[in-house]
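Here is how the chains run, residue by residue.
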Amino acid sequence: ERQVAHKHLEAVVPGLQPGVAYYFRVVAHNARGPGASSESLRVVTHSEADVPGPPLNLEGYATSSTSIKLSWQEPKILNGRISKYVVTYMENDGPGERIRETTSTMVELTDLTPYTEYNIMVHAVNENGPGASTGEITIRTYSAPPSQPPHNVTLEAASSTSVIIRWEPPLEGRNGIITGYKIGYRRQDKRYHSNSFTTEGDKRLFVLTGLERRVVYHIRIRALNVNGTGPWTEFMPVETYENDLDESEVPSAPTNLRLKPMADSISIWWSPPKDDGIKVRGYVVGWGENYPDVYTETLDGKQRFFALENLKPMSDYVISLRATNEAGEGPPVYGSMRTTEKSTTESIAPLIPPVGLKAIVLSANSVVLYWIDTSLSRSQYITDNRYYVVKYALAFSPKYKQLNATDLNLMIDDLKPNTQYEFTVKTVKGKRQSPWSMVVLNQTFEAIPTTPPRDLTVHAIDGKPSTVMLKWQTPKQPNGQIIGYLVSYSTDNTMRDRDWLVAGIVGNKTEYIIKELRTGTTYYFKIQARNSKGYGPFSAIVPFKTLP
């Protein structure tokens with residue numbers, strides 16, 4: 001949808017195509033924002049018989065992370081000689097169009113951005129001018145290794161043998177879905193070899209353990225996706241403590257307290273206490289209008305940021321912050337801040353729901369969500385106090401859970417295997433909330449069964465003393481389609497599992513006959529289920545004595 005701003009009661013809209021139906025609507029604006037839209041008006045432009053019709057059968061596919069190949073057929077209506085074709089393409093939700101001209105019915109677009117959707121259309125030109133365009137097609141370029149390193153990397157000694165590493169994903173140049181981060185570290189003395197660890201893509205914090213006391217380590221990090229690794233950050237130094245942290249006394253006050261007010265919120269940042277020999281397990285932030293500690297919130301010891309929400313505009317707040325450990329709460333550091341005046345724009349303008357929500361399944365229990373906030377700049381960098389609420393549930397279930405996110409992605413890792421879920425997200429800024437985004441669905445991967453087959457029973461068969469029939473129920477949590485069972489049996493239930501006799505069963509049968517047993521003998525039976533991921537746990541052992 002194109003928009004034309006105008007101050008008069010009439011407007012001329014140029015650049016339309018001949019013989020095409022367009023829909024127009026009008027919205028009035030004043031200082032408080034846009035009003036309600038008019039009804040849509042359908043108008044068909046006049047046809048121009050002497051220009052070409054639209055090219056036919058536009059197709060395309062990505063040939064690399066930076067190129068797309070297109071082909072089409074000449075228009076059904078030529079009206080003379082085609083002098084050239086004009087390919088118009090732009091990034092999905094991008095800032096502007098790009099044009100490529102050719103005399104052929106195929107072209108390769110190059111110098112594109114990796115892992116980006118492009119909207120593409122083509123029109124033909126003859127001596128009388130440009131004709132109608134094809135319909136728009138959307139093609140995504142292939143992903144590529146990240147081209148930028150993670151940002152906002154911080155290091156903090158946690159003990160005499162461990163260091164906490166924090167970071168944020170690359171601001172730009174992710175070039176695909178980040179699947180992990182590689183952390184490299186070495187002693188300052190370069191005679192020692194480097195070591196590395198790899199984390200999952202949803203992590204923003206890693207505790208490096210097993211280090212030596214009072215040693216300076218150099219640490220760097222880079223992002224990974226399915227195509228490879230991105231560039232390293234620069235090495236950053238951090239020194240482990242000489243002794244393990246003490247908890248026989250409370251921590252000193254946090255340092256470097258910083259406050260940033262908005263109309264209905266105050267953002268708080270801080271640094272750990274100066275006395276780094278005392279263990280900090282958490283922080284307690286308190287606040288109130290004109291008085292501290294009317295309200296309190298307990299935070300994790302690794303946290304360095306907190307936002308006070310739902311405050312009154314133009315009001316004075318006193319904020320306290322204390323570090324805590326097993327010995328108790330340390331002395332507070334205080335700050336005061338006045339919230340700002342609530343602007344007309346902030347109170348009136350509605351929030352736009354996130355778009356492009358995607359649910360990428362990572363495992364049997366986890367999904368990572370990505371979305372786009374069109375009210376942010378192209379870099380999608382959040383500079384205010386907004387956050388996002390993700391709602392998810394079993395598909396078509398009324399019961400749901402909610403999680404908050406301060407970035408444009410969220411990892412959810414408490415899902416059930418082989419289960420379809422639905423996800424939606426909304427934006428929250430102060431007291432304003434956007435509508436929920438469109439719902440997306442995806443199904444988690446299968447996992448090995450987490451419960452054994454149920455109600456295993458053994459039955460004698462009349463007239464066949466050396467034969468028994470086993471019956472059971474399917475596992476309560478199969479975590480996928482059951483494709484077989486393994487029955488183990490022995491006359492000695494103290495034997496190792498690998499020494500038991502086994503019988504494999506294909507398919508999801510719930511009974512099986514075992515023959516050629518010794519008569520008048522006590523056997524022990526157990527069973528486990530199998531799906532595409534492997535075998536689940538054994539059932540309880542069931543003894544049974546065959547007939548004499």
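Just so we're clear, the structure is a prediction, and the values are computed from it rather than from any experiment.

1. A closer look at the pattern of salt bridges
Pairing is possible between side chains that carry opposite charge, provided their charged atoms lie close to one another.
Step number 1: In this structure the tally under the stated criterion is 15 salt bridges.
Step number 2: A salt bridge links Glu289 to Lys312; the nearest nitrogen and oxygen atoms lie 3.5 Å apart. Residue Glu289 is located in strand β23 (residues 282-289), and its partner Lys312 is located in the loop between β25 (305-308) and β26 (316-325); the two are separated by 23 residues in the primary sequence.
Step number 3: According to the relative accessible area criterion, Glu289 is partly exposed, its value standing at 33%.
Step number 4: Glu329 is the salt-bridge partner of Arg322, the closest N and O atoms lying 3.9 Å from each other.

2. Remarks on a nonpolar patch on the surface
Step number 1: Residues Tyr291, Val294 and Tyr295 make up a contiguous nonpolar surface patch of about 370 Å² in total accessible area.
Step number 2: By the element assignment, Val294 lies in the loop between β23 and β24 (295-300).
Step number 3: Val294 gets classed as partly exposed once you look at its relative accessible area, which sits at 49%.

3. Focus on the packing of aromatic side chains
Step number 1: Tallied over the entire structure, the rule returns 18 aromatic pairs.
Step number 2: On the numbers, 6.0 Å between centres and 25 degrees between planes, the contact of Tyr489 with Phe525 is stacked. Note that Tyr489 is positioned in strand β39 (residues 484-490) and Phe525 in strand β42 (residues 522-531), a separation of 36 residues in sequence.
Step number 3: Exposure remark for Tyr489: the relative accessible area of 12% places this residue in the buried category.
Step number 4: Among the aromatic residues, those joined into a ring-pair cluster are Tyr185, Phe197, Phe206 and Tyr217.
Step number 5: Above the ring of Tyr400, the side-chain terminus of Lys391 is found at 4.8 Å from the ring centroid.

4. Structural notes on the sheet that holds strand β17 (residues 205-208)
Step number 1: Strand order in this open sheet of three strands is β13-β14-β17, and the pairing throughout is antiparallel. Two strands bound the open sheet, and with one partner strand each, they are β13 (151-157) and β17. Averaged over all pairs of adjacent strands, the angle between their axes in this sheet comes to 15 degrees, without regard to strand direction.
Step number 2: Pairing between β13 and strand β14 (residues 163-168): five bridges, direction antiparallel.

5. Quick look at the side chain of Ser143
Step number 1: When you line up the elements, Ser143 lands in the loop between β12 (137-140) and β13.
Step number 2: A distance of 2.4 Å separates a polar atom in the side chain of Ser143 from a polar atom in the side chain of Asn227.
Step number 3: Apart from the residues within four sequence positions on either side, Ser143 is in contact with Ser65, Tyr115, Asn175, Gly176, Val226 and Asn227.

6. Some details on the UniProt feature "domain: Fibronectin type-III" (unreviewed entry) in the chain
Step number 1: Cross-referencing UniProt, the feature "domain: Fibronectin type-III" (unreviewed entry) maps to residues 1-48, 54-144, 149-243, 250-343, 353-447 and 452-548 in the present numbering.
Step number 2: From the first C-alpha to the last, residues 353-447 spans 34 Å; its make-up is 0% helix and 48% strand.
Step number 3: Within the segment residues 452-548, helix and strand shares are 0% and 53% respectively, and the terminal C-alpha atoms sit 31 Å apart.

The rules behind the values
Residues numbered from 1 in each chain as written. Predicted model: local features only at pLDDT ≥ 70, side-chain atom pairs only at ≥ 80, totals over all residues. Heavy atoms only, no water. Salt bridge = Lys/Arg side-chain N within 4 Å of Asp/Glu carboxyl O. Helix = DSSP H or I, 4+ residues; strand = E, 2+ residues; numbered from the N terminus. Buried < 20%, exposed > 50% of the residue type's maximum accessible area, 1.4 Å probe, protein only. Patch = residues over 30% accessible without salt bridge, like charges linked within 9 Å, V, L, I, M, F, W, Y side chains within 5 Å. Areas by Shrake-Rupley, 256 points an atom, 1.4 Å probe, with all protein chains shown as cover. Phe/Tyr/Trp six-rings, centres within 6.5 Å; stacked < 30°, edge-to-face > 60°. Lys NZ or Arg CZ within 6 Å of the ring centre and 35° of its normal. Pairing = 2+ DSSP bridges. Axes fitted to C-alpha atoms, helices over the stretch in contact; angles between N-to-C directions. Polar contact = N/O pair within 3.5 Å; in protein donor to acceptor, adjacent residues only side chain to side chain. Contact = heavy atoms within 4.5 Å. UniProt positions renumbered as here; feature names shortened; annotations may be inferred.

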